[in-house]
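Residues per chain are reported as follows:
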Amino acid sequence: MERQPHVVVVGSANIDLTTFTDLFPRPGETIFGRKFQLGFGGKGANQAVASALCGAKVSMVARVGDDLFGPATVQNFMAQGIDASHVWITRGESSGVAPIFVDSAGQNRILVVKGANDALTPADVDAAAPLLRQADCIVLQLEVPVETVYYTLRFARRNGIRSILNPAPGQPLDLAELANADYVVPNETEAEALSGMPVRNIEEARVCAQHLLDSGLRRVIITLGGNGALCASADGMEHAPPHRVEPMDTTGAGDAFIGSFACFLGSGMAESEALARANVYAALSTLSVGTQMSFVTRERFEAAWR
Ligand code: RIB
């Protein structure tokens, strides 16, 4: 019997400025892009929305700026049914923004300006502690200060709350701190940044995942885009094959994977089923453009899953 999990995301909220283009200007040059779209994004916010669409009760712990985008972001959380009582407006800071460039193959390049996300401190985690203690799962990424992430992982471990860390954007990290996470979920480039090892195919992903387990991480899921996802733990390795689609825009697919995985796992499904489902949920998000706006409802997901 499925239960409704409570997922709390401690993380970022951005405004995505998505430009569709195959060409990039040289210094001093002006060129035309194909299309533009403004949308709500940020890895944390995206994961929160994916989880909510899949059926979880979701709360967000975040900071936005005191510009036009801040209140609009809070409104968007509420419109998605996400508890935004711990989303604070930071005076004198801009909201996080992400100029994103998508080419005609659907591949994206993202530049993140963290703005108010960078003001989310361990003191904010303390302020949210009563909420966090109610969570079945805490989800984190790296668009907020790394010390806040480490602090929250330690909090989750101490309180016996499941935690999922998406180490994105990729950067070298203290693996001893990451050992507090129940799941660390990088994509190929983030896995390379963590391990210093190349991850270009499933075999290299296996070697990298083993290295990360040997370094103390408890469970590692490497998302492999068109090659599915690899889950590794002391119990062994499991490869979830890809759900084949013709992608239009892959932006946010990793977030769709993590948000849906947190919900599926928290609702009582076995890890392998949650993994397979999250894989399909992420693939569906690549069929239309944008980040949050490309995430499907639970109903649409179930139809595809069947
Ligand atoms: O993962 C996609 C997200 O990365 C975008 O929404 C953008 O805001 C950046 O955070």
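Now for a description of the structure that goes with this document. Every value quoted in this text rests on a predicted model; they were computed, and no experiment measured them.

### Examining the sheet that holds strand 3 (residues 35–41)
Strands in a sheet are paired, the pairing made by backbone hydrogen bonds, and the direction either parallel or antiparallel.
Part 1: In spatial order, the strands read 3-2-6-7; together these 4 strands make up an open sheet with mixed pairing. Each edge of the open sheet carries a strand with a single partner, namely strand 3 and strand 7 (108–110). Each strand axis lies, on average, 20 degrees off the axis of its neighbour in the sheet, ignoring direction.
Part 2: Two elements, strand 2 (residues 14–20) and strand 3, share 7 bridges in a ladder whose sense is antiparallel. Bridge pairing in strand 3 places Asn14 opposite Gly41.
Part 3: Set on the sheet, helix 2 (residues 69–79) makes contact with strand 2, strand 3 and strand 6 (96–102); between it and strand 3 the angle comes to about 70 degrees.

### Considering the layout of surface pockets
Part 1: By volume, the largest pocket is sized at about 1100 Å³.
Part 2: In this structure, the largest pocket is lined by 46 residues; those nearest its centre are Asn187, Gly225, Thr250, Ala253 and Gly254.
Part 3: Residue assignment for the lining of the largest pocket shows that the elements contributing at least two residues are strand 2, helix 1 (43–54), strand 6, strand 7, helix 7 (188–195), helix 9 (253–266) and helix 10 (271–285).
Part 4: By residue class, the composition of the lining of the largest pocket is 18 nonpolar, 21 polar and 7 charged.

### Quick word on the pattern of salt bridges
Part 1: In this structure the tally under the stated criterion is 17 salt bridges.
Part 2: A salt bridge links Arg200 to Glu204; its shortest N-O distance comes to 2.6 Å.
Part 3: Judged by relative accessible area, Arg200 falls into the exposed class, the value being 63%.
Part 4: Overlapping salt bridges, with partners in common, bring together Glu2, Glu273, Arg277, Arg298 and Glu302 in one network.

### Quick notes on helix 11 (residues 298–305)
Part 1: Arg298, Phe301 and Glu302 are the residues of helix 11 that are buried. Seen end-on, helix 11 carries its buried residues on one side only, within an arc spanning 100 degrees. Turned more than 90 degrees from where helix 11 packs its buried face, Glu299 and Arg300 sit exposed.
Part 2: On its buried face, helix 11 sits against helix 1, helix 9 and helix 10.

### So, the pairing of strand 6
Part 1: Buried residues dominate strand 6, accounting for 5 of its 7 residues.
Part 2: Where strand 2 lies against strand 6, 7 bridges are found, and the strand directions are parallel. Bridge pairing in strand 6 places Asp16 opposite Ala98.
Part 3: Across 3 bridges, strand 6 lies against strand 7 in antiparallel orientation.

### Brief notes about the environment of Leu131
Part 1: The residue Leu131 is located in helix 4 (residues 129–132) in this model.
Part 2: Along the backbone, Leu131 and Met269 are 138 residues apart, and their C-alpha atoms lie at a distance of 24 Å.
Part 3: If near-sequence neighbours (up to four positions away) are discounted, Leu131 is found in contact with His6, Val8, Ser59, Val61, Asp83 and His86.

### Let's talk about empty space enclosed by the protein
Part 1: According to the stated counting rule, one finds 1 cavity of 30 Å³ or more in the structure shown.
Part 2: What lines the largest cavity is simply Asp16, Thr18, Gln37, Leu38, Gly39, Phe40, Ile100, Asp249, Thr251, Gly290, Thr291 and Met293.
Part 3: Those elements that place two or more of their residues in the lining of the largest cavity are strand 2 and strand 3.
Part 4: The element contributing the most residues to the lining of the largest cavity is strand 3, with 4 residues.
Part 5: Broken down by class, the residue content of the lining of the largest cavity amounts to 4 nonpolar, 6 polar and 2 charged.

The rules behind the values
Residues numbered from 1 in each chain as written. Predicted model: local features only at pLDDT ≥ 70, side-chain atom pairs only at ≥ 80, totals over all residues. Heavy atoms only, no water. Pairing = 2+ DSSP bridges. Helix = DSSP H or I, 4+ residues; strand = E, 2+ residues; numbered from the N terminus. Axes fitted to C-alpha atoms, helices over the stretch in contact; angles between N-to-C directions. Contact = heavy atoms within 4.5 Å. 1 Å grid on protein atoms, 1.4 Å probe; cavity = no way out; pocket = protein on both sides within 12 Å on 5 of 7 lines; lining within 4 Å. Points joined across faces, edges and corners; volume = space filled by probe spheres on them. Nonpolar A, V, L, I, M, F, W, Y, C, P; charged D, E, K, R; others polar. Salt bridge = Lys/Arg side-chain N within 4 Å of Asp/Glu carboxyl O. Buried < 20%, exposed > 50% of the residue type's maximum accessible area, 1.4 Å probe, protein only. Arc of directions from axis to C-beta.

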